[in-house]
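# Overview (structure and organization)
For reference, the chains in residue letters:
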Amino acid sequence: MPLPCMEGSIYHFIMNRNDFPILSRTVYGKPLVYLDNAATTQKPRCVVEAISEEYYNVNANVHRGVHFLSQQATDLHESARETVRAFINARKTEEIIFTRGTTESINLLAFSFGEAFCHEGDEIIVSTMEHHSNIVPWQMLCERKGLKLRVIPMKDDYTLDLEAFERLLSESSVRLVCVTHMSNVLGTVNPIKEMIEKAHAYGVPVLVDGAQSTPHIPIDVQALDCDFFAFSGHKIYGPTGIGVLYGKAEYLERMPPYQGGGEMINKVTFEHTTYNSLPYKFEAGTPDYVGSHALAVALDYISNIGLEKIQAHEHELGQYAYQQLCQIANIEIYGPLSAVHSSLFTLHSSLLSPVLSFNIRGIHHFDLGTLLDRLGIAVRTGHHCAEPLMHRLGVEGTVRASLSFYNTKEEIDSLVAAIRRVQQMF
Ligand code: C6P
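Presented here is a report on the structure given in the accompanying data block. As the structure is a prediction and not an experimental result, all values here were calculated from the model. (Residues numbered from 1 in each chain as written. Predicted model: local features only at pLDDT ≥ 70, side-chain atom pairs only at ≥ 80, totals over all residues. Heavy atoms only, no water.)

With that settled, consider the state of the cysteines. Evaluated as defined, the whole model comprises zero disulfides. Cysteine C118 is unpaired, with the sulfur of C142 as its nearest cysteine sulfur at 8.4 Å. Overall, C118 belongs to the buried group, its relative accessible area being 0%. Looking at the unpaired C226, the closest cysteine sulfur is the one in C178, lying at 12 Å. (Disulfide = S-S within 2.5 Å. Buried < 20%, exposed > 50% of the residue type's maximum accessible area, 1.4 Å probe, protein only.)

With respect to spatial proximity, 17 residues lie near the ligand, and among them T103, D209, Q212, H234 and R380 are the closest. Contact between the ligand and K235: a nitrogen atom at 3.0 Å from a side-chain N or O atom of the residue. Within the side chain of R380, a nitrogen or oxygen atom sits 2.5 Å from an oxygen atom of the ligand. Summarising the interface, the protein chains cover 87% of the accessible area of the ligand, which totals 510 Å² for the free molecule. For the shell around the ligand, the class distribution of residues is four nonpolar, nine polar and four charged. (Near = heavy atom within 4 Å. Polar contact = N/O pair within 3.5 Å; in protein donor to acceptor, adjacent residues only side chain to side chain. Areas by Shrake-Rupley, 256 points an atom, 1.4 Å probe, with all protein chains shown as cover. Nonpolar A, V, L, I, M, F, W, Y, C, P; charged D, E, K, R; others polar.)

Our focus in this paragraph is helix α4 (residues 102-117). A rise of 1.5 Å per residue sets the reference length of α4, with its 16 residues, at 22 Å; its end C-alpha atoms lie 21 Å apart and thus fit the reference within 8%. By the burial criterion, the buried members of α4 are T102, E104, S105, I106, L108, L109, A110, S112, F113, G114 and F117. (Helix = DSSP H or I, 4+ residues; strand = E, 2+ residues; numbered from the N terminus. Expected span 1.5 Å × (residues − 1).)

Across the sheet, seven strands lie side by side as β4-β10-β9-β8-β7-β5-β6; this open sheet has mixed pairing. Each end of this open sheet is capped by a strand with a single partner; those strands are β4 (96-99) and β6 (148-152). Going across the sheet, the axis of each strand differs from the next one's by a mean of 20°, ignoring polarity. Of the strand pairs in this sheet, strand β5 (residues 123-127) and strand β7 (residues 174-180) are connected by three bridges, and their pairing is parallel. If you follow E123 over to β7, its bridge partner there is V174. Against the sheet, helix α5 (residues 136-145) touches β5, β6, β7 and β8 (206-209), its axis set at about 145° to β6. (Pairing = 2+ DSSP bridges. Axes fitted to C-alpha atoms, helices over the stretch in contact; angles between N-to-C directions. Contact = heavy atoms within 4.5 Å.)

Moving on: the pairing of strand β17 (residues 398-402). For a regular strand, the rule is simple: side chains alternate between the two faces of the sheet. Most of β17 is tucked away, with five of its five residues classed as buried. Residues of β17 alternate between two faces, with T398, R400 and S402 on one and V399 and A401 on the opposite face, all of them buried. Relative to β17, strand β14 (residues 355-360) runs antiparallel, the two sharing four bridges. Directly across from S357, in β17, lies its bridge partner R400.

Following this line, the structure appears as structure tokens:
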């Protein structure tokens, strides 16, 4: 499928780049080239200003006070919940639980879903390309309740083996499928709609880890029909310390709370406690109400630009980056794009990714990352919290360049020139 027309988009995004003051700074006297967006994105001025404005003028604890400030802070917090609901098209605001991030969302689910629905001998399915956040909480549940973890294998083209997935579903007593929408290492976008349909055919619900996809792909949880969806604010231009767990009310209603404390209760006596309604049952203690408001500002910012436009621009950048990296001698790129014949460049858009992982033969990924840093280029190196995937790839780690809509072709040229310079040093 040819790429969508990009006329005029570069100008549009250069205008947006000015919203991110950090992008104009230098490091080691060199202009910063920030290509570590999968780890965390930079924040637009409106998000930073929303945080200081709330602390300067509104700050008060939410849901507790009858006074003006508390009500104003509560209104901002609850309207943020509505913004999140609309952003992912959930049916009801009660289905939006604020957490500290994807990691906490998945830990909450592993505990509460595990308590409500899992029994000894049951199985949980994850995939080879999961982040540790979508492996370890399930392993902990398996240890706690005597469950078994099963793994969808990955094929040599860096996509999941869907036939093996179907066999896993049919063979055993699977309670939940937990799969990432977009790999943080390979950039593979998994066919989650198809996977959800397959799992539902066996009566199995699905958690989608949306940490990497949400900043790049429009999400509609009703159209996907996923049962749970987790993402982090800081990866989508919002602040750190705030994230979301979406869950279908029919499941959330039947799950016990994850933590006890203020706000999650209905009545407390020393003999017995009853719990609050959704979503508060899962939000013990003072929530990050400044973070939720700032997240809503970030989501509005993204929606005003338009995720479709962002996606088209990032596809173009991703394709350009891939083409340029391919010209480098001794490079090995790990991702679905490298598994297809790419000389024609009339690629299906699902293969174009803002995440590019690679190694240069003869240079350790850590050395390459460190020297790129000295040249002003920020990339991530290592196992990217996906050690089982590294084992599957047969490497200890990779260098990862991850793009955002505010990156430019010139920055990709700088990356490529810097890699060539490092090669000359070795
Ligand atoms: N990946 C990366 O550099 P938190 O830390 O809770 O916001 O997100 C965890 C997480 C879960 N799933 C996926 C697919 C992720 O990529 C991440 C975070 C970052 O790749 C930091 S390790």
